[in-house]
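Residue-level structure breakdown
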Amino acid sequence: MRTRWQIVAGGVVVGLALSACAASDRDPEGSTEGATGGGRDTFIFAASGDPASLDPAFASDGESFRVARQIFEGLVGVEPGTADPAPLLAESWDVSDDGLEYTFHLKEDVTFQDGTPFDGDAVCFNFERWNNFTGVLQSESLSYYWQKVNGGFATSDVASLNGTGKYESCEAPDDATAVIHLQSPLPELVSALSLPAFSMQSPTALQEYEADAVTGDGEAPVLPEYATSHPTGTGPYTFESWSPGEEVVLTAYDDYWGEQGQIKRIVFPIISDATARRQALQAGDIDGYDLVGPADVVALEDAGFQIVNREPFNVLYLGMNQANPDLADLKVRQAIAYAINKEALVAQTLPEGTEVATNFVPPSVVGWNEDVATYDYDPDKARTLLAEAGRSNLTIDFNYPTNVSRPYMPTPEQVFTAITADLEAVGITVNPVPDPWNPEYLDKIQGGSQHGLHLLGWTGDYNDTYNFIGVFFGGASNEWGFDNPELFSAINDARYVADVDAQQEAYEAANAAILDFLPGVPLAHPVPSLAFKADVHGYPASPVQDEVYNVITLGD
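Owing to the predicted nature of the structure, the values given are computational and were not obtained by experimental measurement. (Residues numbered from 1 in each chain as written. Predicted model: local features only at pLDDT ≥ 70, side-chain atom pairs only at ≥ 80, totals over all residues. Heavy atoms only, no water.)

1. Some remarks on the pairing of strand β21 (residues 453–459)
The criterion, for reference: Partly exposed describes any residue whose relative accessible area lies between the buried limit of under 20% and the exposed limit of over 50%, with all areas from a 1.4 Å probe on protein chains only and scaled to the type maximum. In DSSP terms, a helix is any run of H or I states spanning at least four residues, a strand is any run of E spanning at least two, and both are numbered starting from the N terminus. Strand pairing is assigned whenever DSSP detects at least two bridges linking the two strands.
Among the seven residues of β21, six are classified as buried, and the element is accordingly described as predominantly covered. Relative to β21, strand β17 (residues 314–320) runs antiparallel, the two being bridged by seven bridges. Looking at the pairing, Gly-319 lines up with His-454 of β21. As paired elements, strand β19 (residues 395–402) and β21 share two bridges and run parallel to each other. When the sheet's bridge partners are listed, Asn-399 is paired in β21 with His-454.

Right, dumping it as C-alpha cells:
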C-alpha cells in the first residue's frame, strides 16, 4: 500500500517520508551497546523507513509489521521457517462442519503490557472493533486487510462494504474461549489471522488513548495518540519511543508469558538508502539489515558478515496489458513467453538460490500445479507464433521501475535488460519506458491503461492461494487490461470451497486456466537476503517475515 500518512506526535504533524540519521548520532544509553559490545543485550536492526502506524490494524507495510511483531501477538502465529499457520495466543481451534463457527481455545495467564488480562472478552473486543470501523477508518489506507479478508463492515456508506463481510459475531463463553461466527464460509480465516493487522490489542489502552479517533481522510489520515505512542499488546517487547525519521526503540516486557531471551532492547534506526545500510553494518553501527542487494552479498560474506536467506514466498512476473491490441492476441503473448530464457535470467540477474517460476504462486502454496503450461524457452517457436499472428515486426512498450529494490524484484533494470535481449532476438522491437518506482511507476501500471509489458511482483501475506492469484486475477484491473468472467469466477469460487481437498483441486484448476490464458509470464521466486554481524545468532528468518527477536543471541 502506498499512502501519504500524517502522524500526530507531541503536537507536531510529520510526514512518513523522512530523512535517515546515522546510528552513531544516538545517545550513548541506547546507541552502541548492541553494536559494539558491552552488555550485548541490545539488538540494532536498520529499517528502510518509518512504520506507517504503530497500531497494526491500520497498517499494511513491512516496516510497520516488523515493529508490530515484537509488540503484538495474534490468535494464530506461523510455524518457524514456513508460511504455515500455527498456534499462538490460541493454543488450538475447532471449525464447525459448515465452516461458520471457529472456536479458539486461548492461552491462559497472559496479560497485555498494561496489565489488562488477555481473555475471550478481549478477543471479541478486537473483532468487534475491526468490524465496526466507520468513516475514514473504512478507507483502504487504514483497514486494508480487514476489507480484503472479511469483505465489509457492520455498516457502511459504501454499498459494497455495507454488511457484506463474512464476520457475524463473537462470543466468549468463558475466559479461555472465544467463538467467532461467520455469515458464510471463509476457509482462509485461520491463515489470515497470522497477519499482524489482526493482532490482539489491549481493550483498555485502545479506549484510553482513543485508538479510533483518526482524523483527515483516506489519502492523508491523521493518526491518534495510540498509534504513535501507546501500542499495547502481549508480545515480548513494549514500546519505548519513536523519533520519526530517526529510530524506533523497544524494551523487554518483564511479564511476558513466554521466553524473554537475551535481547532486552531493540533499536530500529531509520536508514532509507540501501548503500547507507550496508555502510552502517560495515562500520559496526548496526547488527543487521534487510533487503541486501545481490551485488553486495559476496562482498559482505568475504568481509566476514553473515548472509541469511529467507525462503522465497513471492513471485516476479512479466505482465502483459491486453488493453494493448497486440497483447490482446494470445499468440503474441505465447510468443513472448517462449522467447524468454528464464534459466539464464535467473542465473544472470537474481540472487543465488532463486527458483524459476511456472505458476503465479510459489511451490509451497497449496494449489500450485506442476502440470500447468510452462512455455519453456523456444525462440524458434516464438518466431513462428509471431508470424502466425501477423506481427513479425512487432514493436512494444516495456515499462520497468527505477530507483527500487523489492524482495521479489531486487534488480529490475538488469531483468529488463535480459528480457529485452531475448525479445529482440526473436524480432520484437522493445521501446524502453523507465519510471521511478515512487510514485510514478505503480500509478502508471495499476492506475491506468497506458502501458504495455511491465515488471512487477508480490510477496505473500500468508499461506493461501487466493492471496496471490486473487490479488492479480480476481477481477478486471488496469494492470492486466482484460475481462474474463470465467477465469474470475474460477478463482473466486475456489476461495470459498470449505473442503480442503476440493479447494486444492479448484485452485490447481484455476492456476492451469491462468497459464492457458497467459495474462503474464511468471518469471522467478527470488531469494530475499539479510546481512548480519558475525556474532548474531539464531535470526528467525521467515518467508512471511514473522521474525520476533527474543530468540536471537549475541556474542561469540
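2. Focus on a negative patch on the surface
Here is the rule: Only residues whose relative accessible area exceeds 30% and that take part in no salt bridge are eligible for patches, with like-charged residues grouped when within 9 Å of each other and nonpolar side chains (Val, Leu, Ile, Met, Phe, Trp, Tyr) grouped when within 5 Å. The Shrake-Rupley method, run with a 1.4 Å probe, gives the accessible areas here. Residue values count only the displayed protein chains as cover. Salt bridge, as used here, is a side-chain nitrogen of Lys or Arg placed within 4 Å of a carboxyl oxygen of Asp or Glu. In this count, Lys and Arg are taken as positive residues and Asp and Glu as negative ones, while His and the chain termini are left out. Lys charges are placed at NZ, Arg charges at CZ, Asp charges at CG and Glu charges at CD.
Taken together, the side chains of Glu-108, Asp-109, Asp-121, Asp-174 and Asp-175 make up a negatively charged region of the molecular surface. Positionally, Asp-109 belongs in the loop between β7 (101–106) and α3 (120–131).

3. Observations regarding unusual backbone geometry
Positive phi values are uncommon outside glycine, yet Asp-109 reaches one of about 60°. Unlike most non-glycine residues, Leu-518 shows phi in positive territory, near 55°. As for its placement among the helices and strands, Leu-518 is situated in the loop between α17 (500–517) and β22 (520–525). Among the residues examined, Leu-518 registers a relative accessible area of 1% and is labelled buried.

4. Some points on the sheet that holds β7
The test is simple: Only C-alpha atoms enter the line fits that serve as axes; for helices the fit covers just the stretch in contact. Angles between N-to-C directions range over 0 to 180 degrees. Any two residues whose heavy atoms approach within 4.5 Å are treated as being in contact.
Across the sheet, four strands lie side by side as β6-β7-β9-β8; this open sheet has antiparallel pairing. At either margin of the open sheet sits one strand with a lone partner, and together these are β6 (90–95) and β8 (167–174). Across this sheet, the average inter-strand angle for adjacent strands is 20°, counted without regard to direction. One ladder, built from five bridges, connects β6 with β7; its direction is antiparallel. Within β7, the residue paired with Ser-92 across the bridge is His-105. On the sheet, α3 packs against β7, β8 and β9 (177–182) and is oriented at approximately 165° with respect to β8.

5. Section: the state of the cysteines
The cut-off we apply is this: The disulfide definition used here is simple: a pair of cysteine sulfur atoms within 2.5 Å.
A complete count under the given rule lists one disulfide for this structure. Between the sulfur of Cys-124 and that of Cys-170 lies a disulfide, 2.1 Å long from S to S. The disulfide joining Cys-124 to Cys-170 has a torsion of about -70° about its S-S bond and is therefore left-handed. Residue Cys-124 is located in helix α3, and its partner Cys-170 is located in strand β8; the two are separated by 46 residues in the primary sequence. The class for Cys-124 is buried, based on a relative accessible area of 10%.

6. Topic: helix α8 (residues 274–283)
Put simply, the rule reads: Of all possible arcs, the one meant is that of the directions from the helix axis to the C-beta atoms. Counted as a polar contact is a pair of N or O atoms within 3.5 Å, where, for protein atoms, one must be capable of donating a hydrogen and the other of accepting one, and residues adjacent in sequence contribute only when both atoms are in side chains.
Taken residue by residue, α8 has Arg-277, Arg-278, Ala-280 and Leu-281 as its buried positions. Down the axis of α8, the sector holding all buried residues measures 160°, keeping them to one side. Those residues of α8 hidden inside the fold are in contact with β3 (42–46), β15 (288–289), α9 (294–302) and β23 (529–532). The N-capping residue of α8, defined by a side-chain oxygen 3.1 Å from the backbone nitrogen of Thr-275, is Asp-273.

7. Examining the packing of helix α11 (residues 342–349) against helix α13 (residues 412–425)
Keep this limit in mind: The hand of a helix crossing depends on one turn: near helix anticlockwise from the far one by less than a right angle means left-handed, and clockwise means right-handed. Think of it as three bins: nonpolar holds Ala, Val, Leu, Ile, Met, Phe, Trp, Tyr, Cys and Pro, charged holds Asp, Glu, Lys and Arg, and polar takes everything else, Gly as well.
For the pair α11 and α13, the least separation of the axes is 10 Å and the interaxial angle reads 145°. Both α11 and α13 take part in a crossing whose hand is right-handed. Within the contact between the two elements, α11 uses Leu-345, Gln-348 and Thr-349 and α13 uses Gln-414, Val-415, Ala-418 and Ile-419. Here the residues of the contact of α11 with α13 sort into four nonpolar, three polar and no charged.

8. A few points about the packing of aromatic side chains
For clarity, the threshold we go by: Two aromatic rings, drawn from Phe, Tyr or Trp (for Trp, its six-membered ring), form a pair once their centres lie within 6.5 Å of each other, and the interplanar angle then sorts them: stacked below 30 degrees, edge-to-face above 60, tilted otherwise. We call a charge positioned over a ring when the NZ of a Lys or the CZ of an Arg lies within 6 Å of the ring centre and within 35 degrees of the ring normal.
On inspection of all chains with the given rule, the structure shows 38 aromatic pairs. Consider the rings of Phe-58 and Phe-133, whose centres lie 5.5 Å apart with planes at 45°: the pair is tilted. Here Phe-133 lies in the loop between α3 and α4 (144–150) and Phe-58 lies in the loop between β3 and α2 (62–71), a separation of 75 residues in the sequence. Given the relative accessible area of 1%, Phe-133 is considered buried. Note on Phe-482 and Phe-488: the rings are 5.7 Å apart at their centroids and 25° apart in plane angle, and the pair reads as stacked. The exposure classification of Phe-482 matches that of Phe-488, with both residues buried. A cation over a ring is seen here: Arg-129 above Phe-58, with NZ or CZ 5.1 Å from the ring centre. Sitting above the plane of the Tyr-496 ring, Lys-166 keeps its charged end 3.9 Å from the centroid.

9. Overview of the packing of helix α10 (residues 330–339) against helix α12 (residues 379–388)
Counted only if it meets this: Small angles under 35 degrees read as roughly parallel and large ones over 145 as roughly antiparallel, with 65 to 115 read as roughly perpendicular and the rest as oblique.
The interhelical angle for the contact between α10 and α12, taken along N-to-C directions, is 165°, at an axis separation of 8 Å. When the axes of α10 and α12 are compared, the pair comes out roughly antiparallel. Helix-helix and strand crossings are classified by hand; for α10 and α12 the assignment is left-handed. Only Pro-379, Lys-381, Ala-382, Leu-385, Leu-386 and Glu-388 of α12 make contact with α10, whose side of the interface consists of Lys-331, Gln-334, Ala-335, Tyr-338 and Ala-339. Of the residues in the contact of α10 with α12, the class split is seven nonpolar, one polar and three charged.

10. Regarding the confidence of the model for the protein
Quick note on the threshold: On a scale of 0 to 100, pLDDT captures the predictor's confidence in every residue.
Across the protein, the average pLDDT comes to 91, with 93% of residues at or above 70. For the stretch residues 1–38, pLDDT sits under 50, and the model shows 92 contacts to residues farther than four places along the chain or on other chains.

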